[in-house]
Amino acid sequence: DESTHAIIRRVNTTFITPFDREDIYNLASGLDDVMDYMEEAVDLVLLYEVEKLPSELANQVEVLQRCAELSAEAMPRLKTMKDLEEYWIEINRLENQADSLHRKMVAALFNNSPDPVNLIKVKAIVDGFENAADAFEKVAHVVEGIAVKES
């Protein structure tokens, strides 16, 4: 949140920006959303005192880790607008993979969970990680829009 506010303050006090102010804002806001969703999901694991999470959640975390790596690698390339297409294509593929994992985990929860309270807790956690994957895709869409405008 502090980084996002610092970026917004800097954009608002800079006369000429490297690309559209609204795009900078959307990019910073999107990255902030990614972090917020991941932080929320991890907090819920601790706050809900969930003893057992679906094993597939590890795969979801791997997808998020790869999204984070790709996003971190892509941000410096915004200076030149080169080699960004591979980024948003791969993020889209990973988000589709995250969607599939999410659906399978939710289905397994509803089909196999004898404890409705635990089901609700675990589903909230699983949904949080899915929201983070969706947020990564939104960031990639912003990057794609910037690249199209600037080309």
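Below you will find a few notes about this structure. (Residues numbered from 1 in each chain as written. Predicted model: local features only at pLDDT ≥ 70, side-chain atom pairs only at ≥ 80, totals over all residues. Heavy atoms only, no water.)

**Overview of the overall build of the protein**
- Along its length, the protein carries 5 helices and 0 strands.
- Mapped in sequence order, the helices and strands of the protein form the string α-α-α-α-α.
- Here the protein holds 151 residues, and 38% of them are scored as buried.
- Relative to all contacts within the protein whose residues are 6 or more apart in sequence, the contacts with residues 24 or more apart total 77%.
- Total accessible area on the protein is roughly 9,300 Å²; 53% of this is exposed by carbon and sulfur atoms. (Helix = DSSP H or I, 4+ residues; strand = E, 2+ residues; numbered from the N terminus. Buried < 20%, exposed > 50% of the residue type's maximum accessible area, 1.4 Å probe, protein only. Contact = heavy atoms within 4.5 Å. Areas by Shrake-Rupley, 256 points an atom, 1.4 Å probe, with all protein chains shown as cover.)

**Thoughts on the side chain of His102**
- Within the secondary structure, His102 is located in helix α4 (residues 85-112).
- According to the relative accessible area criterion, His102 is buried, its value standing at 15%.
- Setting aside anything within four residues of it in sequence, one finds His102 in contact with Gln60, Val126, Asp127 and Glu130.

**Focus: the nonpolar core**
- Leu27, Leu84, Tyr87, Trp88, Ile91, Ile125 and Val143 are the most contacted members of the largest nonpolar core, which has 38 residues in total.
- Counting only elements with at least two residues in this core, the list comes to α2 (21-47), α3 (57-74), α4 and α5 (116-150).
- A per-element tally of this core places α5 first, with 15 residues.
- Setting aside its immediate chain neighbours within four residues, Val143 contacts Leu27, Met75, Leu78, Leu84, Tyr87 and Trp88. (Core = buried A, V, L, I, M, F, W, Y, C linked by side-chain atoms within 4.5 Å.)

**Brief notes about the side chain of Asp23**
- Here Asp23 lies in helix α2.
- Of the residues examined, Asp23 reaches a relative accessible area of 8% and is grouped as buried.
- Beyond its immediate stretch of four places on either side in the chain, Asp23 contacts Val142, Ile146 and Lys149.

**Some words on α4**
- Between the first and last C-alpha of α4 there are 41 Å, a value that for 28 residues agrees with the 40 Å anticipated at 1.5 Å per step.
- Within the span of α4, buried status applies to Tyr87, Trp88, Ile91, Leu94, Glu95, Ala98, Asp99, Leu101, His102, Met105, Val106 and Leu109.
- On its buried face, α4 is in contact with α3 and α5. (Expected span 1.5 Å × (residues − 1).)

**Overview of the pattern of salt bridges**
- Counted according to the given criterion, the structure contains 4 salt bridges.
- Lys149 is the salt-bridge partner of Asp23, the closest N and O atoms lying 3.0 Å from each other. Within this pair, whereas Asp23 is found in helix α2, its partner Lys149 is found in helix α5, the two being separated by 126 residues in sequence.
- The residue Glu69 makes a salt bridge to Arg66 at a minimum N-O spacing of 3.3 Å. With Glu69 and Arg66 both in helix α3 and 3 residues apart, the pair spans about one turn of that helix. (Salt bridge = Lys/Arg side-chain N within 4 Å of Asp/Glu carboxyl O.)

**Observations concerning the packing of α3 against α4**
- The interhelical angle for the contact between α3 and α4, taken along N-to-C directions, is 165°, at an axis separation of 10 Å. Comparing their axes, α4 and α3 come out roughly antiparallel. Regarding α3 and α4, the two cross each other, and that crossing is left-handed. Facing α3, whose interface residues are Leu57, Asn59, Gln60, Val63, Arg66, Cys67, Leu70, Ser71 and Ala74, α4 presents Tyr87, Glu90, Ile91, Leu94, Gln97, Ala98, Leu101, His102 and Met105.
- Split by residue class, the contact of α3 with α4 holds 11 nonpolar, 5 polar and 2 charged. (Axes fitted to C-alpha atoms, helices over the stretch in contact; angles between N-to-C directions. Parallel < 35°, antiparallel > 145°, perpendicular 65-115°, else oblique. Left-handed = near helix turned anticlockwise from the far one by under 90°. Nonpolar A, V, L, I, M, F, W, Y, C, P; charged D, E, K, R; others polar.)

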